[in-house]
Amino acid sequence: MKIATWNVNSVRTRVNRVIGFLESSGTDVLAMQEIKCKPDQFPYKAFEDAGYQITMHGLNQWNGVAFASKIPAEDIEIGFSGMPEFKQVQEARAIAATFDGIRLWSLYVPNGRTLDDPHFPYKLEWLDRLAAVTAETLENEPGVPLALMGDFNIAPLDTDVWDINFFAGSTHVTPEERQAFEAFEQIGLQDVVRLRIPEGYTYWDYQQLRFPRNEGMRIDFILGSESFAEKVKSAGIERDERKGEGPSDHVPVVVEI
DNA sequence: ATGTCGCCTACGAGGCGA
């Protein structure tokens, strides 16, 4: 089974590219982030015509997470228990479903904006709570094949950005964010892509010719539980998806299990 | 170069978010 995660940056704008990727890669389950639409705006038909069912959560033009899958989604969960709010609103940043016994989360971690912005503590709290809820799940259901997949908006290593000096004083690389990321490893998850592909970016800003210059960031991850990790046969970062007409600024990250 | 892109409102262009 092929599983992938991809921040598509608008599923409506990107529908042809997303379906093209699904078909050419033979992906069975795709976790999407930043679909940027409400349920009545989702381009269901194009996915259904390609043989994929949609499980989505979107509230407005921002954020939004979903799965496209060839197999049925079971035990769908919108958000996670105690998910922090921003301005009294639980944003559309998390959805889970079980596919053939494998529990998958599609996650769009808050960006954080700047270190002095209220979105920054919100990001840290959001990650903290997600780790706590995931730890509970792993304790209650040890042995469950589970993966957290998505755009974490954190570059865990200095080599995950093209120039660490450029990011001095910025989000994505602070000790606090990296500690929040490491917490997922401490509760027993492992980055199943890093083990196989130590280097490589998953995101290049549209601005400043970042992609032609290969000035990117590695911020999209698949973090698997022990029983998920042991099923993984191979992994990939689909860099070529950043090329051509109308790409997302992120590329798919995939595993075969 | 403040070098892009996508969404909104509301019909042109500015505001917001990344």
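Our structure is the block above this text.
Cut-offs applied
Residues numbered from 1 in each chain as written. Chains lettered and ligands numbered in written order. Predicted model: local features only at pLDDT ≥ 70, side-chain atom pairs only at ≥ 80, totals over all residues. Helix = DSSP H or I, 4+ residues; strand = E, 2+ residues; numbered from the N terminus. Rg over C-alpha atoms; globule rule 2.2 N^0.38 Å. Contact = placed C-beta atoms within 7 Å. Core = buried A, V, L, I, M, F, W, Y, C linked by C-beta atoms within 7 Å. Buried ≥ 20, exposed ≤ 12 C-beta atoms within 10 Å, placed from the backbone. Pairing = 2+ DSSP bridges. Axes fitted to C-alpha atoms, helices over the stretch in contact; angles between N-to-C directions. Parallel < 35°, antiparallel > 145°, perpendicular 65-115°, else oblique. Left-handed = near helix turned anticlockwise from the far one by under 90°. Nonpolar A, V, L, I, M, F, W, Y, C, P; charged D, E, K, R; others polar. Expected span 1.5 Å × (residues − 1). Bend = angle between axes of the 7 residues up to and from the residue. Arc of directions from axis to C-beta.

Colleague: Explain the overall build of chain A to me, using residue names and the numbers behind them.
Modeller: Along its length, chain A carries five helices and 12 strands. The globule rule puts the C-alpha radius of gyration for 257 residues at 18 Å, and the 17 Å found for chain A is close to it. Put simply, of all contacts in chain A between residues at least 6 apart along the chain, 69% involve residues at least 24 apart.

Colleague: Which residues make up the nonpolar core, and what values do they have?
Modeller: Within the largest apolar cluster, 67 residues are counted, with the highest numbers of intra-cluster contacts made by L30, M32, V65, L104 and I222. Filtering out sequence-adjacent residues up to four positions away, L104 remains in contact with I3, V29, A31, A96, A97, F99, A147 and M149.

Colleague: Which residues make up the sheet that holds strand β7 (residues 102-108), and what are the values?
Modeller: With mixed pairing, the six strands of this open sheet are ordered in space as β5-β6-β7-β8-β10-β9. Among the strands making up the open sheet, the edge pair consists of β5 (74-78) and β9 (190-191). When β9 meets strand β10 (residues 220-224), the two strands line up antiparallel, connected through two bridges. When the sheet's bridge partners are listed, Q190 is paired in β10 with G224.

Colleague: Outline unusual backbone geometry, supporting the account with residue identities and numerical values.
Modeller: Notably, K36 is not glycine yet its phi reads approximately 55°, a positive angle. Locating K36 in the fold gives a position in the loop between β2 (29-33) and α2 (44-49). You can call K36 buried: it has 20 C-beta atoms within 10 Å. Unlike most non-glycine residues, Q208 shows phi in positive territory, near 65°.

Colleague: Can you tell me about the sheet that holds strand β3 (residues 53-57), naming the residues and giving the values?
Modeller: Within the open sheet, the six strands sit side by side as β3-β4-β2-β1-β12-β11. Their pairing is mixed. At either margin of the open sheet sits one strand with a lone partner, and together these are β3 and β11 (234-237). Sheet twist, expressed as the average angle between the axes of neighbouring strands with direction ignored, equals 15°. Here β2 runs beside strand β4 (residues 65-69); their pairing, made up of five bridges, is antiparallel. Bridge pairing in β4 links M32 to A66.

Colleague: Describe in detail the packing of helix α3 (residues 119-140) against helix α4 (residues 175-186), supporting the description with residues and values.
Modeller: Look at α3 against α4: their axes get within 9 Å of each other, and the N-to-C directions meet at 10°. In this view, α3 runs roughly parallel relative to α4, as classed from their interaxial angle. Considering only the axes of α3 and α4, their crossing is left-handed. Within the contact between the two elements, α3 uses L124, L127, D128 and A131 and α4 uses E176, A180, A183 and F184. Along the lines of polarity and charge, the residues of the contact of α3 with α4 split into six nonpolar, no polar and two charged.

Colleague: Would you mind going over the environment of I154 in detail, with residue names and values included?
Modeller: Along the chain, the position of I154 falls in the loop between β8 (146-151) and α4. You can call I154 buried: it has 25 C-beta atoms within 10 Å. The spatial distance from the C-alpha of I154 to the C-alpha of T171 is 7.9 Å, given a sequence separation of 17 residues.

Colleague: Describe helix α1 (residues 11-25), naming the residues involved and giving the relevant values.
Modeller: Taking 1.5 Å per residue as the helical rise, α1 with its 15 residues ought to reach 21 Å, whereas the 18 Å between its terminal C-alpha atoms falls clearly short. Remark: the principal bend of α1, roughly 35°, maps to R17. Taken together, the buried positions of α1 are occupied by V11, R14, V18, F21 and L22. Structurally, α1 contributes buried residues whose contacts are with β2 and β4.

Colleague: I'd love a proper account of α4, names of residues and values included.
Modeller: Given a rise of 1.5 Å per residue, 12 residues ought to cover 16 Å, and the 16 Å separating the end C-alpha atoms of α4 matches this to within 8%. Here α4 has its buried residues at E177, A180, F181 and F184. All buried residues of α4 fall inside an arc of 95° around its axis, so they share one side. For α4, the exposed residues set more than 90 degrees away from the buried face come down to P175, E182 and Q186. Looking at the buried positions of α4, the neighbouring elements they touch are α3, β8 and β10. Phi turns positive, to about 110°, at G188, one or two residues after α4.

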